[in-house]
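For reference, the chains in residue letters:
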Amino acid sequence: MKKTILIICDGLGDRPVKELERKTPLEFAKTPNLDKLAQMGISGAMNTVDIGVRPGSDTAHLALLGYDPDVYYTGRGPFECAGVGMEMLPGDISFRANMGTVDDELNVIDRRAGRIDDTEEIIKALNHTKIDGVEFILKKAVGHRVGFIMRGKGLSSKIRDCDPHKEGVKVHLPEPLDESTEAKFTCQVLEKFLKMSFDVLKKLPMNIEREKQGKLPANYFLVRGAGITPQLKSFKDKYGLNAVCLAGGGLYKGIAKLIGMDTPEVIGATGKPDSDLTTKITKLIELYDKYDFFFVHFKGADTLGEDGDYEGKVKFIEKIDSAIEPLLKIEDALIVITADHSTPCNLKAHSADDVPVTMFASDIRDDDVEHFNEKECAKGRLGHIKGENLMPIVIDLMGLAELFGA
Ligand code: ZN
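If you're wondering where the values come from, they're calculated on a predicted model, not measured in any experiment.

J.: With reference to specific residues and values, describe the nonpolar core.
T.: For soluble globular proteins, nonpolar side chains are generally found buried alongside one another. Judged by nonpolar contacts, the single largest core of 89 residues is most densely connected at Ile5, Phe235, Met261, Phe293, Phe298, Ile324 and Leu390. If near-sequence neighbours (up to four positions away) are discounted, Met261 is found in contact with Leu65, Phe235, Ala243, Val244, Cys245, Ala256, Phe293 and Phe295.

J.: Break down the coordination of the zinc ion for me, citing the residues and quoting the values.
T.: Ideal geometry at a metal centre gives angles of 109.5 degrees when four donors are arranged tetrahedrally and 90 or 180 degrees when six donors are arranged octahedrally. Asp10 (OD), Asp10 (OD), Ser57 (OG), Asp340 (OD) and His341 (NE2) make up the full set of protein donors to the zinc ion, lying at 1.9 to 2.8 Å. Assessed through its relative accessible area of 0%, Asp10 is described here as buried.

J.: Would you mind going over empty space enclosed by the protein in detail, with residue names and values included?
T.: Over the atoms rolls a probe the size of a water molecule, and in doing so it shows where empty space is left. The tally for this structure, following the rule as stated, stands at two cavities of 30 Å³ or more. For the largest cavity, the calculated volume is near 50 Å³. Lining of the largest cavity is provided by 14 residues; of these, Asn47, Thr48, Pro55, Ala352 and Asp353 occupy positions nearest its centre. Along the lines of polarity and charge, the residues of the lining of the largest cavity split into six nonpolar, four polar and four charged. In this structure, the second largest cavity spans a volume of roughly 40 Å³. Lining the second largest cavity, in full, are Glu80, Val84, Arg96, Ala141, Arg145, Val146 and Gly147.

J.: Please provide a residue-by-residue account of the sheet that holds strand β13 (residues 383-386), values included.
T.: Strand order in the open sheet made by the seven strands is β9-β10-β1-β11-β12-β2-β13, with mixed pairing throughout. Of all the strands in the sheet, the pair left with one neighbour each is β9 (243-246) and β13. Within the sheet, the average angular offset between the axes of one strand and its neighbour, ignoring direction, is 20°. Of the pairings in the sheet, the one linking strand β1 (residues 3-9) to strand β11 (residues 333-338) comprises six bridges and is parallel in character. Within the sheet, the bridge partner assigned to Ile5 lies in β11 and is Ile335.

J.: Could you give an account of the pattern of salt bridges, with specific residues and numbers?
T.: Under the counting rule described, the total for this entry stands at 19 salt bridges. Ionic pairing is found between Lys299 and Asp10, a salt bridge with its closest N-O pair at 3.7 Å. With a gap of 289 residues between them, Lys299 in the loop between β10 (293-298) and α12 (300-306) and Asp10 in the loop between β1 and α1 (25-28) connect regions that are remote in the sequence. Judged on exposure class, the residue Lys299 and its partner Asp10 are both buried. In this structure, the salt-bridge partner of Arg15 is Asp353, at a minimum N-O distance of 2.7 Å. Linking Arg15 in the loop between β1 and α1 with Asp353 in the loop between β11 and β12 (355-360), this pair joins segments that are 338 residues apart in sequence. Using a relative accessible area of 35% as the deciding quantity, one classes Arg15 as partly exposed. A relative accessible area of 28% places Asp353 in the partly exposed class. Because the salt bridges share partners, they merge into one network encompassing Asp10, Lys299 and Asp302.

J.: For the side chain of His350, give the residues involved together with the corresponding values.
T.: Structurally, His350 can be placed in the loop between β11 and β12. By relative accessible area, which is 12% here, His350 ends up buried. Side-chain polar atoms of His350 contact the backbone oxygen of Pro55, separated by 2.8 Å. With near-sequence residues (within four places) excluded, His350 lies in contact with Arg54, Pro55, Gly56, Ser57, Asp302, Glu306, His341, Ser342 and Thr343.

Thresholds, definitions, all that
- Residues numbered from 1 in each chain as written.
- Predicted model: local features only at pLDDT ≥ 70, side-chain atom pairs only at ≥ 80, totals over all residues.
- Heavy atoms only, no water.
- Core = buried A, V, L, I, M, F, W, Y, C linked by side-chain atoms within 4.5 Å.
- Buried < 20%, exposed > 50% of the residue type's maximum accessible area, 1.4 Å probe, protein only.
- Contact = heavy atoms within 4.5 Å.
- Donors = N, O, S within 2.8 Å, 3.2 Å for Na, K, Ca; no water.
- 1 Å grid on protein atoms, 1.4 Å probe; cavity = no way out; pocket = protein on both sides within 12 Å on 5 of 7 lines; lining within 4 Å.
- Points joined across faces, edges and corners; volume = space filled by probe spheres on them.
- Nonpolar A, V, L, I, M, F, W, Y, C, P; charged D, E, K, R; others polar.
- Pairing = 2+ DSSP bridges.
- Helix = DSSP H or I, 4+ residues; strand = E, 2+ residues; numbered from the N terminus.
- Axes fitted to C-alpha atoms, helices over the stretch in contact; angles between N-to-C directions.
- Salt bridge = Lys/Arg side-chain N within 4 Å of Asp/Glu carboxyl O.
- Polar contact = N/O pair within 3.5 Å; in protein donor to acceptor, adjacent residues only side chain to side chain.

The structure is reproduced here in structure tokens:
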């Protein structure tokens with residue numbers, strides 16, 4: 001059986017950028033190694049969730065790994081919380097939260113509290129708070145982010161995001177999205193917690209000190225993405241493969257954990273553009289005999305796309321290209337390179353544009369594609385596929401597909 005290395009470059013796809021000679025960052029970047037894989041392999045264009053759908057990273061990853069997001073996606077919160085290593089029980093409501101800065105009227109000044117990183121004191125002050133029989137469980141995530149779980153009886157995830165997703169406007173108070181008693185109760189308890197925590201955080205020595213230094217205080221939990229704990233069949237049960245995830249970002253490790261993949265720590269993997277990409281590949285080679293399936297995630301291109309930083313995105317793509325060079329020496333693997341969605345720099349957001357996909361194995365039927373990019377890959381033999389097609393193709397190329405018929 002072949003092993004598979006699936007490399008997902010988050011937000012890799014783009015649209016032509018005027019300053020890059022009207023090329024996309026991927027077309028503009030110098031990528032000899034990615035091009036070599038495209039030359040030796042088969043390529044195509046892919047809509048990860050569906051044609052015309054702007055995928056979130058979470059729904060796109062579920063689809064790519066073979067879990068229909070229409071069935072299994074229960075909100076982003078549970079995936080983020082799993083990613084920072086929080087235990088989740090059935091009935092828990094999990095959120096993702098930013099530590100933000102609000103004024104006394106609860107207007108959002110900064111959704112990231114000046115991109116604060118040292119949130120440990122905040123978490124210590126409020127973790128395990130109990131209100132009306134509901135426990136609030138908090139854990140530090142990357143940067144200003146916090147994993148946020150409500151645990152208790154009679155809770156619902158049908159509540160609106162409290163994060164207004166922009167600055168200069170008031171936070172949303174918890175509001176039920178349906179008429180259920182559970183949703184109303186969840187909102188009441190959450191509102192009590194948010195009010196109480198705002199009073200605590202205003203007086204927290206760390207925040208007083210930050211204000212003295214001219215920094216923004218981290219005084220409010222901007223919660224969003226409420227979800228119940230999803231029940232997912234493990235990757236091992238689904239495909240019979242021992243799988244490992246090599247990622248820095250919490251969401252990706254979270255998805256991997258929820259489907260039972262191992263998620264070892266990778267030194268230097270930060271989930272940010274400064275991430276050391278080579279350590280993931282070194283780790284992969286180190287673990288090569290132990291696993292059948294390697295899910296490698298590179299986050300930076302998405303972040304840079306959202307910042308509109310096309311030059312940074314070009315550089316990051318070139319960093320991916322040089323990091324993956326050692327993989328070209330592996331002879332018995334199926335290597336798949338793709339993205340979860342496009343994040344055009346001009347848009348500073350995800351788009352529904354398809355993404356390039358290339359698959360290489362030593363015995364694969366190749367095509368005439370010479371370069372790994374949006375335009376070239378679309379001309380390849382794989383044609384136009386959807387995310388849900390990816391794993392069946394992989395399983396077949398691994399030699400594991402069952403015969404349909406006789
Ligand atoms: Zn993404």
